[in-house]
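# Observations on the three-dimensional arrangement
Listed below are the residues making up each chain.
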Amino acid sequence: MSQDAPLRIDAKELFSAKVEDYLEVQSALQRGAEEIEPQSWIIRMIYSSWFYLSICAGLGGFCGWAILEPFFDDNEIHPDGGGAGASTMAAVLMFPTVAALVGLFLGAAEGIMCRNARRAVISGAVGLGVGFAGGLIALIPTSIVFGIMSAIAVSFWKNPVPGKMPDGVALLILMMGRAAAWAIVSIPAGLGQGIALREKKVVFNGVLGGVLGGLIGGLLFDPISFVFMTADGQAAASRAIGLSIVGVMVGLFVGLVEGWTKTAWLLMRKGPLAGKQFVLFKDTTVLGSSPKAEIYLFKDEAIEPRHAIVHNRGGRFELEDCQTPDGTYVNGIPIKKHLLQNGDQIVMGKTVLEFTLREAKG
């Protein structure tokens, strides 16, 4: 018989006991997810990394200000705006303290969003330590950069007025110097989570996002000072807003860089974190109910501590079930190992995840 010839069966064969048994078994094994309504725009925004990282890092900048502000005396601070030459210890510790608090909140943000206290504490603590130590080290290059740019700004200041900020080209040069200083000091602020996770891609995102965010936030620092500094030269409000904006910009750009560089991720379509994306950074990503799992799936009794693993095999992602009693399903079919394709729907217990693979542009 030709291989292309149609296969014909009669009614007796179609409705035989063997066929019925086979169909029942296959129906029992399948676990397709029901139609799931798309999340509202506000849920998608809240679970976007750029949003919650910017909020958390902004809180870190504000907390840094709150710790230091009681020790500031604007009457003792150098009239160039409080950077180099400041006589108070608060001004000296501003960079490392803000970097530490931004690093703390930035590191803890992902764990907080995923309800994973263990990850939040570890990443937050590492972010705090790396931010403060790195901020202290960064005082050397930032002092050099800001000192040079301040000297250049003064040389362009045609009619210098003691106690006043420069204007024109001189102000622009001073703003560039402050932006460069914040770009340098924001690098350790963005490093904590990547170091805690021991993941190079997250470290890269933190470095690039920190530089871009610090640059933009630092560039806005002096214009904010112009708007919010009081007539008698008190800058408490402008510092609060300026340092918070620096934090917001660092968190925003760390999240944006993550979005720009991600190649594969899982979107929770159904479950306690519906709408949350989990970027697949690692070569092996464990999904399970243990807080030690890279993707922590809580509040689902059918999910084992180590339920499934996603292996990154050179850009090809393979899902492996960890011999679980309840099983792992892809597009309704139980699997042991499965090479994931863009749009695949993964079901574990009551949790539904959707795999997305961004194709490389040729």
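Here is a short report on the structure shown in this document. (Residues numbered from 1 in each chain as written. Predicted model: local features only at pLDDT ≥ 70, side-chain atom pairs only at ≥ 80, totals over all residues. Heavy atoms only, no water.)

### Some points on the overall build of the chain
Helix and strand counts for the chain stand at 11 helices and 11 strands. Here the chain holds 362 residues, and the buried ones make up 46% of them. Considering only residue pairs separated by 6 or more positions, the chain has 62% of its internal contacts joining residues 24 or more positions apart. Total accessible area computed for the chain in this model is approximately 18,800 Å², and 64% of it derives from carbon and sulfur atoms. (Helix = DSSP H or I, 4+ residues; strand = E, 2+ residues; numbered from the N terminus. Buried < 20%, exposed > 50% of the residue type's maximum accessible area, 1.4 Å probe, protein only. Contact = heavy atoms within 4.5 Å. Areas by Shrake-Rupley, 256 points an atom, 1.4 Å probe, with all protein chains shown as cover.)

### Some points on the pattern of salt bridges
All told, the structure shown has five salt bridges when counted by the stated rule. Among the ionic pairs, glutamate 110 bridges to lysine 276, the shortest N-O distance being 2.8 Å. With glutamate 110 in helix H6 (residues 94-113) and lysine 276 in the loop between strand S1 (264-270) and strand S2 (277-279), this pair connects stretches of sequence that are 166 residues apart. There is no split in this pair, since glutamate 110 and lysine 276 are both buried. Note that arginine 313 is salt-bridged to glutamate 318, the shortest N-O span being 3.0 Å. Using a relative accessible area of 47% as the deciding quantity, one classes arginine 313 as partly exposed. Among the residues examined, glutamate 318 registers a relative accessible area of 17% and is labelled buried. (Salt bridge = Lys/Arg side-chain N within 4 Å of Asp/Glu carboxyl O.)

### Digging into the pairing of strand S6 (residues 316-321)
Note that strand S5 (residues 308-313) and S6 share six bridges and pair antiparallel. Note that in S6 the partner of isoleucine 309 across the bridge is glutamate 320. Connecting the antiparallel pair S5 and S6 is a turn made up of two residues, with glycine 314 showing a positive phi of about 65 degrees. Pairing geometry for S6 and strand S9 (residues 337-339), over three bridges, is antiparallel. Within S9, the position partnered with glutamate 318 by the bridge is leucine 339. (Pairing = 2+ DSSP bridges.)

### Comments concerning the packing of aromatic side chains
The description of two aromatic rings rests on the distance between their centres and on the angle between their planes. Tallied over the entire structure, the rule returns six aromatic pairs. Arranged with centres 6.2 Å apart and planes meeting at 25 degrees, the rings of tryptophan 182 and phenylalanine 221 form a pair that is stacked. One end of the pair, tryptophan 182, is in helix H8 (residues 168-189); the other, phenylalanine 221, is in helix H10 (residues 200-228), and 39 residues separate them in sequence. The pair tryptophan 182 / phenylalanine 221 is uniform in exposure class, with both members buried. Each residue in the set Phe95, Trp182 and Phe221 is aromatic and connected to the rest through ring pairs, giving one cluster. Lying over the aromatic face of tryptophan 265, lysine 262 brings its terminal NZ or CZ to 4.1 Å of the ring centre. The ring of phenylalanine 278 carries the charged tip of lysine 276 above its face, separated from the ring centre by 5.0 Å. (Phe/Tyr/Trp six-rings, centres within 6.5 Å; stacked < 30°, edge-to-face > 60°. Lys NZ or Arg CZ within 6 Å of the ring centre and 35° of its normal.)

### Quick look at helix H4 (residues 49-68)
At 3.6 residues per turn, the α-helix brings residues three or four places apart onto the same side. Taking 1.5 Å per residue, 20 residues should reach 28 Å; H4 reaches 28 Å between its end C-alpha atoms and fits that length. Regarding H4, the residues found buried are Ser49, Tyr52, Leu53, Ser54, Cys56, Ala57, Gly58, Gly60, Gly61, Gly64, Trp65 and Leu68. On the buried face of H4, the contacting elements are helix H3 (41-46), helix H5 (89-92), H6 and helix H11 (236-261). (Expected span 1.5 Å × (residues − 1).)

### Structural notes on the environment of lysine 164
Mapped onto the elements of the fold, lysine 164 is located in the loop between helix H7 (117-156) and H8. Relative accessible area serves as the criterion here: at 52%, lysine 164 is assigned to the exposed category.

### Side note on the sheet that holds S5
Hydrogen bonding along the main chain pairs the strands of a sheet, whether they run parallel or antiparallel. With respect to topology, five strands assemble into an open sheet ordered S4-S3-S5-S6-S9, the strand pairing being mixed. The open sheet has two free edges, formed respectively by strand S4 (295-296) and S9, since each of these has just one partner strand.

### Quick word on the packing of H4 against H6
Each packed pair of helices is defined by two parameters, the angle between the axes and the distance between the axes. Where H4 meets H6, the axes come as close as 7 Å, and the angle between the chain directions of the two elements is 145 degrees. In this structure, H4 meets H6 at a crossing whose hand is right-handed. Note on element contacts: H6 touches H4 through Met94, Thr97, Val98, Leu101, Val102, Phe105, Leu106, Ala109, Glu110 and Met113, opposite Tyr52, Leu53, Cys56, Ala57, Leu59, Gly60, Gly61, Cys63, Gly64, Ile67 and Leu68. Of the residues that constitute the contact of H4 with H6, the class distribution is 16 nonpolar, four polar and one charged. (Axes fitted to C-alpha atoms, helices over the stretch in contact; angles between N-to-C directions. Left-handed = near helix turned anticlockwise from the far one by under 90°. Nonpolar A, V, L, I, M, F, W, Y, C, P; charged D, E, K, R; others polar.)

### Looking at unusual backbone geometry
Of note, arginine 115 is a non-glycine position whose phi angle comes to about 55 degrees, a positive value. Secondary-structure assignment places arginine 115 in the loop between H6 and H7.

### Digging into the side chain of glutamate 258
Looking at where glutamate 258 falls in the secondary structure, it is placed in helix H11. For glutamate 258, which is buried and forms no salt bridge, the nearest opposite charge comes from lysine 276, at a distance of 6.2 Å. Setting aside its immediate chain neighbours within four residues, glutamate 258 contacts Ser49, Asn205, Val279 and Phe281. (Lys, Arg positive; Asp, Glu negative; His and termini not counted.)

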